[in-house]
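Chain residues, written in single-letter form:
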Amino acid sequence: QLTQSPSFLSASVGDRVTITCRASQGIGTFLAWYQQIPGTAPKLLIYAASTLQRGVPSRFSGSGSGTDFTLTINDLQPEDFATYYCQHFSSNLRGTFGQGTRLDTK
Amino acid sequence: VQLVQSGAEVKKPGESLKISCEASGYSFSNHWIGWVRQMPGKGLEWMGTIYPGDSETRYSPSFQGQVAMSVDKATETAYLQWRTLKASDTAVYFCAVKIAARAFDYWGQGTLVTVPS
């Protein structure tokens, strides 16, 4: 099970924000982060806890291992207001998503 | 890599349905494809994953027995099927493929399934 916090977050352009994902048991670094803009498919941002997917801006970063993980967005841009999900795939390819964090403009 | 899903569907409760996800741009048989549900205004739910090479499947306990995943290697298409739809199946369904990492690298555009109560 993955628990994200906060569920909702208000911020302004230029801010730095951090979203947390906590696993109910240790998962190494097998954690991914996705961004979903309303009405569109999710987009992979980060995998293996801290590896940026090709084409994703460097203002996005991920860290953590074991049970505690964070997604940080530096210098928020207007296009970053979206919902963010963490996800874990177990070794036998069973997947779990966090409940999501909605990032709104303040 | 492209995943192109079939169009929106409106069905009655009790009807059957099969939606599709046509893949291109990568080796279809060698990478797991998954299905993800998003109910109206809600988050993402992993439904299951299938390996096209041998049709091995992994289902979420929440969806085991409720849906069936399959593939056609000849047309490089993955399918998600219901035998008996319910109003609670109303959602957007995404297909996604796991290629480079233990994550869904690429996603289809989603298929809206509406089952009015």
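Here, every reference points to the structure presented above.
Every value quoted in this text rests on a predicted model; they were computed, and no experiment measured them.

A.B. asks: Which residues make up the interface of chain B and chain A, and what values go with them?
C.D. replies: Tallying the contact residues gives 21 residues for chain B and 22 residues for chain A. The junction of chain B with chain A conceals about 1900 Å² of combined surface from both sides, 64% of it contributed by carbon and sulfur atoms. Per-residue buried area on chain B facing chain A is highest for L44, W46 and R102 of chain B; these three make up 38% of the total on that side. Here chain B is connected to chain A by 0 salt bridges. Where chain B meets chain A, there are 6 residue pairs in polar contact (both at pLDDT 80 or more). If you list the elements that add at least two residues to the side of chain B that touches chain A, you get β4 (33-38), β5 (44-51), β6 (56-59) and β10 (106-107) of chain B. A class-by-class count of the residues in the side of chain B that touches chain A yields 11 nonpolar, 4 polar and 6 charged.

A.B. asks: Just give me the short version of the state of the cysteines, but keep the residues and values in it.
C.D. replies: According to the stated counting rule, one finds 2 disulfides over all chains in the structure shown. Paired through a disulfide, C21 of chain A and C86 of chain A show a sulfur-sulfur distance of 2.2 Å. One quick way to see it: the torsion about the S-S bond of C21 of chain A and C86 of chain A is about 70 degrees, and its sign makes the bridge right-handed. Here C21 of chain A is found in strand β3 (residues 17-23), whereas its partner C86 of chain A is found in strand β9 (residues 83-89), with 65 residues between them in sequence. Here C21 of chain B pairs with C95 of chain B through a disulfide, and the sulfurs are 2.0 Å apart. Between C21 of chain B and C95 of chain B, the disulfide has an S-S torsion of 75 degrees and is therefore right-handed. Pair noted here: C21 of chain B is in strand β3 (residues 17-24) and C95 of chain B is in strand β9 (residues 91-97), with a separation of 74 residues, a long-range link.

A.B. asks: Give me the lowdown on the pattern of salt bridges, citing residues and values where you can.
C.D. replies: Residues and elements named next belong to chain A. The tally for this structure, following the rule as stated, stands at 6 salt bridges over all chains. E79 is the partner of R59 in a salt bridge, and the nearest nitrogen-oxygen pair spans 3.4 Å. Of the two residues, R59 is situated in the loop between β6 (51-52) and β7 (60-65) and E79 in the loop between β8 (68-73) and β9; the sequence distance between them amounts to 20 residues. Taken together, the salt bridges that share partners define one network made up of R59, E79 and D80.

A.B. asks: Mind laying out the sheet that holds strand β1 (residues 2-5) of chain A, listing which residues take part and the relevant values?
C.D. replies: Residue and element names in this part refer to chain A. Spatially, 4 strands are ordered β1-β3-β8-β7 in an open sheet, and the strand pairing comes out antiparallel. One side of each edge strand has no neighbouring strand; the edge strands of this open sheet are β1 and β7. Taken over all neighbouring pairs, the strand axes of this sheet differ in orientation by 15 degrees on average, direction set aside. The pairing of β7 with β8 spans 6 bridges and is antiparallel. Paired with G64 across the bridge in β8 is F69.

A.B. asks: Quick rundown of unusual backbone geometry? Include the residues and the values.
C.D. replies: Residue and element names in this part refer to chain A. Cis geometry is found at the peptide bond from S5 to P6, where omega equals -5 degrees. Note on placement: P6 falls in the loop between β1 and β2 (8-11). Not every positive phi belongs to a glycine, and A48 is a case in point at roughly 50 degrees.

A.B. asks: Describe the environment of V71 of chain B, and please don't skip the residues or the numbers.
C.D. replies: Residue and element names in this part refer to chain B. By the secondary structure assignment, V71 is in strand β7 (residues 68-72). Residue V71 is classed as buried on the basis of its relative accessible area of 17%. V71 has contacts with F28, I50, P52, S55, T77, A78 and Y79, leaving out every residue within four places of it along the chain.

A.B. asks: I'd love a proper account of the packing of aromatic side chains, names of residues and values included.
C.D. replies: Evaluated as defined, the whole model comprises 8 aromatic pairs over all chains. Look at Y34 of chain A and F97 of chain A: their rings are 6.0 Å apart centre to centre, the planes differ by 55 degrees, and that puts the pair in the tilted class. Of this pair, Y34 of chain A sits in strand β4 (residues 32-36) while F97 of chain A sits in strand β10 (residues 95-97), and the two are 63 residues apart along the sequence. Here Y34 of chain A and F97 of chain A have matching classes, each one buried. Considering the side-chain rings of F104 of chain B and W107 of chain B, the 5.7 Å spacing of their centres and the 80 degrees angle between planes classify their relative orientation as edge-to-face.

A.B. asks: Got a sec to walk through the side chain of T90 of chain B? Specific residues and values, please.
C.D. replies: Residues and elements named next belong to chain B. With respect to the secondary-structure elements, T90 resides in the loop between β8 (77-82) and β9. Here the side chain of T90 touches A87 through a polar contact of 3.0 Å, landing on its backbone oxygen. Looking at T90, its side chain comes within polar contact range of the main-chain nitrogen of V115, at 2.9 Å. Once you skip the residues sitting within four places of it in the chain, T90 turns out to touch M39, P40, V113, T114 and V115.

Analysis parameters
Residues numbered from 1 in each chain as written. Chains lettered and ligands numbered in written order. Predicted model: local features only at pLDDT ≥ 70, side-chain atom pairs only at ≥ 80, totals over all residues. Heavy atoms only, no water. Contact = heavy atoms within 4.5 Å. Buried area = accessible area lost by both parts, 1.4 Å probe. Salt bridge = Lys/Arg side-chain N within 4 Å of Asp/Glu carboxyl O. Polar contact = N/O pair within 3.5 Å; in protein donor to acceptor, adjacent residues only side chain to side chain. Helix = DSSP H or I, 4+ residues; strand = E, 2+ residues; numbered from the N terminus. Nonpolar A, V, L, I, M, F, W, Y, C, P; charged D, E, K, R; others polar. Disulfide = S-S within 2.5 Å. Pairing = 2+ DSSP bridges. Axes fitted to C-alpha atoms, helices over the stretch in contact; angles between N-to-C directions. Buried < 20%, exposed > 50% of the residue type's maximum accessible area, 1.4 Å probe, protein only. Phe/Tyr/Trp six-rings, centres within 6.5 Å; stacked < 30°, edge-to-face > 60°.

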